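Descriptive structure summary
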Amino acid sequence: EDDAAPLKGFMHSLRKALAGVQTESPDILYLGYTQASPWRRKVSNLLREADYLWTTVAYVLWPSGAQKLLAKLPVDQPVDNFMAGLMASRQL
């Protein structure tokens with residue numbers, strides 16, 4: 001999002017979130033979103049695995065996630081819907 005502004009304590013929370021995925025193999029870490037369905041599972045005290053999210057404000061993308069997104073081009077809908085569909089079908 002081009003007009004998002006990090007809140008106070010953002011870097012501290014981001015460091016904790018990244019530490020929470022060290023034993024996982026993430027494709028993407030959403031930093032801002034609208035939750036559209038129940039969480040799949042609790043990953044850590046700070047993190048949840050999502051099934052479907054809307055309004056993707058910001059995210060951290062790992063190379064594996066970038067490769068998966070590139071493999072699904074072209075995008076034929078709003079990008080947050082496109083990414084949410086890939087999550088729901090467990091392709092991202």
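For the structure itself, look to the data block above.
Residues numbered from 1 in each chain as written. Predicted model: local features only at pLDDT ≥ 70, side-chain atom pairs only at ≥ 80, totals over all residues. Heavy atoms only, no water.

Further remarks concern unusual backbone geometry. Here the amide bond leading from L73 into P74 is cis, since omega sits at 5°, within 30 degrees of zero. In this structure, R90 is a non-glycine residue whose phi angle is positive, near 60°. Mapped onto the fold, R90 is located in the segment after α3 (79-88). (Helix = DSSP H or I, 4+ residues; strand = E, 2+ residues; numbered from the N terminus.)

Scanning the model with the defined rule gives 3 aromatic pairs in all. On the numbers, 5.9 Å between centres and 85° between planes, the contact of Y33 with W39 is edge-to-face. On the accessibility criterion, Y33 (37% relative accessible area) is partly exposed. We classify W39 as partly exposed; its relative accessible area is 30%. Consider the rings of Y52 and W54, whose centres lie 5.9 Å apart with planes at 90°: the pair is edge-to-face. (Phe/Tyr/Trp six-rings, centres within 6.5 Å; stacked < 30°, edge-to-face > 60°. Buried < 20%, exposed > 50% of the residue type's maximum accessible area, 1.4 Å probe, protein only.)

Right, let's talk about the side chain of S37 for a bit. Looking at the secondary structure, you find S37 in the loop between β1 (28-35) and β2 (41-42). Here S37 falls in the buried class, since its relative accessible area comes to 17%. Polar contacts involving the side chain of S37 include one to the main-chain amide nitrogen of Y52, which spans 3.3 Å. When neighbours within four sequence positions are excluded, S37 is seen to be in contact with D51 and Y52. (Polar contact = N/O pair within 3.5 Å; in protein donor to acceptor, adjacent residues only side chain to side chain. Contact = heavy atoms within 4.5 Å.)

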